Amino acid sequence: NVSDVGIDAIALSVPRGYVDLTELAEARGVPPSKYLHGLGTRQMAIAAPDEDPVTLAVNAARRLFERSGASPAEIGLCIVGTETAVDHSKPVAAFVHGLLGLPSACRMFEAKHACFGGTAGLLSAVDWIASGSARGRAALVVCTDIARYPLRSAGEPTQGAGAVALLVREKPRLLSLEVGQTGTFARDVHDFWRPLHHKEALVDGHYSVQCYLDALEGAYDAWRRLDGATDEPLVRTCYHVPYGKMARKAHRHRRMLEGATEQAADASFMVEVEPSLDLPSRIGNVYTGSLYLALASLLHTQARDIAGQRIGLFSYGSGCCAEFFAGRTAPEAAALVDRLDIDGPLRDSRQMTVADYERLRAEDADADRRTAPESARPRGKANEFDRAVYLGVD
Ligand code: CAA
């Protein structure tokens, strides 16, 4: 069996446009401080109709291979975590497999469990490698989503869109994970959901916050009881980040479970969590990729400071399932992070006005139900070629 397994490289993709939340607050008649400080959000990425979860996933995965030096030929497992899939049957992983030219000797599937789908994929990939089934091959795990709530709803300022691609393999150059050492929590709750054919999520907002905190408590308690889990402190912890304030609430809750005062918990937040929130605050909620966007943010800002040190990770998926686990930053992580240029895709994104965003949403309502012209339909395939996806992959 293989014991040193984890995340070898990481890459992002984001849509071309974003909305500034100060402008959104003004348009909604809300004090900007509510979004900026009350929720901890600054910008939200907005996907155009040609930037669907497939496009975002493929662009992130292409960037992963280009920047890390790895080859698609090394991949023996491809898992896409998403809760905004484009088909009930064909997995996003199949489009990714085709567009990247992955080997035919490759297991591929899509993992769905709200925001937990990416972690389900990552931990399955880690177990596949640790068990020896990979026989030296690597896994590609891509988390891709578009977080969308109704206009003018409480959830609107917590939207976002993007993909995070992870290369998972033996002797990883970024983060070794503690194989088999996870604390898990599951419960059937109705906090956030999206019925079939709805483009926008439905959410019982305040209840969802409570479900997240209950799940954190359950998963963290389970993790703490594992042999050796608490022998060495976690110098940083990355949380699932639907919006920055949620990570602050989570950290406070976790620290107070350990007996810290509220003040001590908040003081440790600045050191242990804040560096992971920069990219999430500039992109918004990316659902399955959210925890890994936080990890990318941490590595981007602090890979040198935390070389060789242990960090915690907490993943939450509504509905709900949660997992707490830990890993160790590789000594050489910082050198690779420089090459990965993790926040590079954000340099190309452009601010859009609130009016443009609202127009795009109105036009987008039926984008995936449009009938393509005869010439664009695959021969012998269904009449309704209901995908804009092929247009947006670079
Ligand atoms: N200045 C500064 N802060 C202000 C303020 C102002 N002018 N006005 C309000 N605030 C503060 C409030 O005090 C509050 O802070 P606390 O949470 O610390 O009490 C914060 O801003 C938010 O205010 P409200 O609670 O009044 O906000 P709301 O009711 O309008 O909506 C929400 C908040 C319920 C989270 C909503 O944004 C929502 O439904 N979001 C989507 C659901 C979500 O993200 N849930 C998270 C857990 S579920 C999950 O994690 C899965 C997932 O990805 C969706």
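Each remark here, short or long, concerns the structure printed above.
The following refers to the structure shown.

Cut-offs and rules
- Residues numbered from 1 in each chain as written.
- Predicted model: local features only at pLDDT ≥ 70, side-chain atom pairs only at ≥ 80, totals over all residues.
- Heavy atoms only, no water.
- Helix = DSSP H or I, 4+ residues; strand = E, 2+ residues; numbered from the N terminus.
- Rg over C-alpha atoms; globule rule 2.2 N^0.38 Å.
- Buried < 20%, exposed > 50% of the residue type's maximum accessible area, 1.4 Å probe, protein only.
- Contact = heavy atoms within 4.5 Å.
- Areas by Shrake-Rupley, 256 points an atom, 1.4 Å probe, with all protein chains shown as cover.
- Lys, Arg positive; Asp, Glu negative; His and termini not counted.
- Charge placed at Lys NZ, Arg CZ, Asp CG, Glu CD.
- Near = heavy atom within 4 Å.
- Polar contact = N/O pair within 3.5 Å; in protein donor to acceptor, adjacent residues only side chain to side chain.
- 1 Å grid on protein atoms, 1.4 Å probe; cavity = no way out; pocket = protein on both sides within 12 Å on 5 of 7 lines; lining within 4 Å.
- Sits in = over half its atoms within 2 Å of the grid points.
- Nonpolar A, V, L, I, M, F, W, Y, C, P; charged D, E, K, R; others polar.
- Points joined across faces, edges and corners; volume = space filled by probe spheres on them.
- Pairing = 2+ DSSP bridges.
- Axes fitted to C-alpha atoms, helices over the stretch in contact; angles between N-to-C directions.
- Phe/Tyr/Trp six-rings, centres within 6.5 Å; stacked < 30°, edge-to-face > 60°.
- Lys NZ or Arg CZ within 6 Å of the ring centre and 35° of its normal.

Glancing now at the overall build of the chain. Across its full length, the chain carries 13 helices and 15 strands. For 394 residues, the compact-globule estimate of 2.2 N^0.38 gives 21 Å, and the chain sits close to it at 20 Å. With 394 residues in all, the chain has 57% of them scored as buried. Sequence separation of at least 24 residues holds for 77% of the intrachain contacts in the chain that already meet a minimum separation of 6. When the accessible surface of the chain is summed, it comes to about 16200 Å², and 49% of that surface belongs to carbon and sulfur atoms. Across the chain, the mean location of the 44 positive side-chain charges is 3 Å away from that of the 51 negative side-chain charges.

Neighbouring residues of the ligand: 26 residues in total, closest Lys-34, His-206, Ser-208, Lys-245 and Lys-249. Here an oxygen atom of the ligand and a backbone polar atom of Ala-154 are 2.9 Å apart. The cavity that encloses the ligand is the second largest pocket. Those elements that provide at least two residues to the shell around the ligand are helix H2 (32–39), helix H6 (205–224) and helix H7 (244–257). At 5 residues, H6 tops the list of elements feeding residues into the shell around the ligand. Tallied by class, residues from the shell around the ligand come to 13 nonpolar, 10 polar and 3 charged.

In this section: empty space enclosed by the protein. This structure, assessed with the given rule, holds 3 cavities of 30 Å³ or more. Space inside the largest cavity adds up to approximately 90 Å³. Together, Ala-45, Ile-46, Ala-47, Ile-146, Ala-147, Arg-148, Gln-159, Gly-160, Tyr-357, Leu-360, Arg-361 and Asp-364 line the largest cavity. Counting residues per element, the ones that place at least two in the lining of the largest cavity are strand S3 (43–46), strand S6 (138–147) and helix H13 (354–364). With 4 residues, H13 is the largest single contributor of residues to the lining of the largest cavity.

Attention now moves to the sheet that holds strand S15 (residues 350–351). Spatially, 3 strands are ordered S3-S2-S15 in an open sheet, and the strand pairing comes out mixed. The sheet is open, and its two edges are formed by S3 and S15, each paired on a single side. As judged from the 4 bridges shared by strand S2 (residues 17–20) and S3, these two strands associate in the antiparallel manner. What sits directly across from Tyr-18, in S3, is Ala-45. The strands touched by helix H1 (residues 21–28) within the sheet are S2, S3 and S15, with S2 carrying the most contacts at an inclination of about 60 degrees.

Here we come to the packing of aromatic side chains. Counted by the stated rule, this structure contains 8 aromatic pairs. Note on Tyr-212 and Phe-314: the rings are 5.4 Å apart at their centroids and 65 degrees apart in plane angle, and the pair reads as edge-to-face. Of this pair, Tyr-212 sits in helix H6 while Phe-314 sits in strand S13 (residues 310–317), and the two are 102 residues apart along the sequence. Relative to Phe-324, the ring of Trp-223 has its centre 5.0 Å away and its plane inclined at 55 degrees; by these criteria the two rings are tilted. Linking Trp-223 in helix H6 with Phe-324 in strand S14 (residues 321–329), this pair joins segments that are 101 residues apart in sequence. When its relative accessible area of 0% is taken as the criterion, Phe-324 is described as buried. Counting every residue linked through ring pairs, the aromatic cluster contains Tyr-212, Tyr-239, Phe-314 and Tyr-316. The ring of Phe-95 carries the charged tip of Lys-90 above its face, separated from the ring centre by 4.3 Å.

A few words now on the layout of surface pockets. Counted as a void, the second largest pocket has a volume near 740 Å³. Together, 34 residues line the second largest pocket, and Ala-154, Gly-155, Thr-158, Gly-205 and Tyr-243 are the ones closest to its centre. When residues of the lining of the second largest pocket are traced back to their parent elements, those giving at least two are H2, H6 and H7. Considering each element in turn, the lining of the second largest pocket owes the most residues, 5 residues, to H6.

Our next topic: unusual backbone geometry. Between Gly-319 and the following residue, Cys-320, the backbone shows a cis peptide bond with an omega angle of -10 degrees. Within the secondary structure, Cys-320 sits in the loop between S13 and S14. Despite not being glycine, Lys-171 has its phi angle at roughly 45 degrees, a positive value. Looking at the secondary structure, you find Lys-171 in the loop between strand S7 (160–170) and strand S8 (175–177). Residue Lys-171 is classed as exposed on the basis of its relative accessible area of 61%.

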